[in-house]
Amino acid sequence: MNNIFFSFSSLEIIFRRIFLQIESPDVIKNLLFYDRITENQGCISTRKYMKTTSRIAIFASGSGSNAQRIAEYFSGSNSVEISAVYCNKPEAYVFERARSLGIPSVLFDRDTFYNQTVILDDLKSRGVEWIVLAGFLWLVPVYILKAFPQRIVNIHPALLPGYGGKGMFGMKVHQAVIEAGEEQSGITIHYVNEQYDKGDIIYQAKCELSREDTAETLAAKIHELEYEHFPVVIGKLVSEGVNS
């Protein structure tokens, strides 16, 4: 039997306003439309446009446990996609977490971040609409803030406005809370501006402290709050942003 090869190199089929509506438990009225199908060297390529997926970039500087939790939370979502993980420390374990989750990662240095537009260009090329800081320790430069107004969110391991500012991160925060004899601590999710931990507060969750608590036991309590609330708040913000 002779092999048959179909060549469509010169064929172009144009579809105008062809809509496909999908209704399922996972995708309700997910509207897809194709405006053009071209045939090139026997292969069909399509241009598909979807306005139902919001793309998020995660910035981290360390282990990346929050980044992993966020990625896993949205892994089955049809409305949110984690486009990439960005990190300023080559030894950070977040790179391994991103690799295991199949998420692209980007390493950058201080000069690239503050004196060039490479990172912004990369964010735009991926179609990123939201930036989430999950243990990222550098101030976000103004040119990125302007490109993502009210679209950059951070989580702080204390109840702002207390125990925030430059140098207040990780165990330093928990130790300060314990030494002050506080009866409560918690997390603060807030928008990011030009100053450390000064953006408008979006959400706070609290935990009780006892005299037996140490910086280490407080850190464990804070991690539980972060894992429980941060992905949920991100999802709500993205949903409200899409529908606004």
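Everything below is about the structure printed above this text.
Residues numbered from 1 in each chain as written. Predicted model: local features only at pLDDT ≥ 70, side-chain atom pairs only at ≥ 80, totals over all residues. Heavy atoms only, no water.

1. Some details on the packing of aromatic side chains
Part 1 of the reasoning: The tally for this structure, following the rule as stated, stands at 13 aromatic pairs.
Part 2 of the reasoning: With a centroid separation of 5.4 Å and 80° between ring planes, the pair formed by Phe59 and Phe136 is classed as edge-to-face. A residue pair is termed long-range when its members are at least 10 positions apart, and Phe59 in strand 5 (residues 54-60) and Phe136 in the loop between strand 8 (130-133) and helix 5 (142-147) qualify at 77 residues.
Part 3 of the reasoning: Residue classification places Phe59 among the buried residues on the basis of a relative accessible area of 2%.
Part 4 of the reasoning: What makes Phe136 buried here is its relative accessible area of 7%.
Part 5 of the reasoning: Judged by centre distance (5.1 Å) and plane angle (70°), the ring pair of Phe113 and Tyr114 falls under edge-to-face.
Part 6 of the reasoning: Given the relative accessible area of 29%, Tyr114 is considered partly exposed.
Part 7 of the reasoning: Cluster of aromatic residues (ring-pair linked, three or more members): Phe59, Tyr86, Phe108, Phe113, Tyr114, Phe136 and Trp138.
Part 8 of the reasoning: Note that Arg110 overlies the ring of Trp138, its terminal NZ or CZ placed 4.3 Å from the centroid. (Phe/Tyr/Trp six-rings, centres within 6.5 Å; stacked < 30°, edge-to-face > 60°. Helix = DSSP H or I, 4+ residues; strand = E, 2+ residues; numbered from the N terminus. Buried < 20%, exposed > 50% of the residue type's maximum accessible area, 1.4 Å probe, protein only. Lys NZ or Arg CZ within 6 Å of the ring centre and 35° of its normal.)

2. A look at the side chain of Ser185
Part 1 of the reasoning: Along the chain, Ser185 falls in strand 10 (residues 184-191).
Part 2 of the reasoning: Among the residues examined, Ser185 registers a relative accessible area of 2% and is labelled buried.
Part 3 of the reasoning: The residues touching Ser185, leaving out its near neighbours within four places in the chain, are Pro157, Ala158, Leu159, Val177, Ala205, Lys206, Cys207, Leu209, Leu218 and Ile222. (Contact = heavy atoms within 4.5 Å.)

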